[in-house]
Amino acid sequence: MCPAKTLSRSLASRVAGLDALAAPPRDEPDIPANVIEAAVAALARGETHYTDRPGIPEFRAWVADHLGQRFGLDIDPSEVTITCGSTEARFVTMTLLAEAGSAVLCPGDSSRIRGALHILGADIVDSIQDNVSLLYISPDVYRETSIELLQRAEETDWWIVYDLSFAASAPPFHPAQNEKLASRVVTINSLSADLAGWRLGWMAGSAAALRLRAGKQAITICTTAVSQWAGLEWLRSRRPDRRTAT
């Protein structure tokens, strides 16, 4: 049998096993007038074409600067890729950095990565095992648990995905503050909680930044230009107590 047919049948069977996606929430916050005005202004300027594939430079610069100010991280804008929300960011990081047949260590809520790992053919575990290839954590995981797992990560070659999107807490802690881990830490965040439907998220940092960018480009090429300009306006004018200040 043709190897390509064998592979496609295997993938088809995994896709068939996916759970149905939940309906999007209907209680999204209203979009501020200045954000709508920024979108209109972008249209008027002719921002209706493909952007730089990793995202508009201004947005990527904001993300890099924010991570520097919030956590003291040294991330260059070239290491930032704007995505279609955190869902795409999680899919790209899981399918490119976790290994098929391996385990992803997730001590917290695994619901948002389950689909991607099902397609990849990787397992989700909540305790350390020999076949772990990636650690997925968020600020909501009990800090002592995170520290213990990150100490173990210093002895391994695990990739680490730190997901700030939808986090209920906003501590000043970040795994990439450990210089021994920084090259293996990818930060995910998004504006999904505040600009629902505009599909804006990002992946930032790690030695795999260019590989992750290529993976995103293979899926959606680039995130919509108007959304990026609108999201940048929201970020620049946001209140400091909002969730995306994490």
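Residues numbered from 1 in each chain as written. Predicted model: local features only at pLDDT ≥ 70, side-chain atom pairs only at ≥ 80, totals over all residues. Heavy atoms only, no water.

A. Structural context of the sheet that holds strand β1 (residues 80-83). Strands sit in the order β1-β7-β6-β5-β4-β2-β3 across an open sheet of seven strands; the sheet is mixed. Whereas interior strands pair on both sides, the edge strands pair on one side only; in this sheet they are β1 and β3 (123-125). The average undirected angle you get between the axes of adjacent strands in this sheet is 25°. Pairing geometry for strand β2 (residues 103-105) and strand β4 (residues 132-137), over three bridges, is parallel. In the sheet register, L105 faces β4, and the bridge partner there is L135. Docked against the sheet, helix α6 (residues 143-153) engages β2, β4 and β5 (159-163), running at close to 150° with respect to β4. (Pairing = 2+ DSSP bridges. Helix = DSSP H or I, 4+ residues; strand = E, 2+ residues; numbered from the N terminus. Axes fitted to C-alpha atoms, helices over the stretch in contact; angles between N-to-C directions. Contact = heavy atoms within 4.5 Å.)

B. The arrangement of the packing of aromatic side chains in detail. Enumeration over the complete set of coordinates arrives at three aromatic pairs. Between the aromatic rings of W62 and W202, the centroid separation amounts to 6.2 Å while the plane-to-plane angle is 70°, which identifies the pairing as edge-to-face. Taken as a pair, W62 in helix α3 (residues 57-71) and W202 in strand β7 (residues 201-204) lie far apart in primary sequence, 140 residues in all. Pairing Y162 with F173 gives two aromatic rings, centres 6.1 Å apart and planes at 85°, and the pair type is edge-to-face. In this pair, Y162 is assigned in strand β5 and F173 in the loop between β5 and β6 (185-190), connecting sequence segments 11 residues apart. Comparing Y162 with F173 shows no difference in burial state: the two are buried. Its end group placed over the ring of W229, R45 keeps NZ or CZ at 4.8 Å from the ring centre. A cation over a ring is seen here: R112 above F166, with NZ or CZ 4.3 Å from the ring centre. (Phe/Tyr/Trp six-rings, centres within 6.5 Å; stacked < 30°, edge-to-face > 60°. Buried < 20%, exposed > 50% of the residue type's maximum accessible area, 1.4 Å probe, protein only. Lys NZ or Arg CZ within 6 Å of the ring centre and 35° of its normal.)

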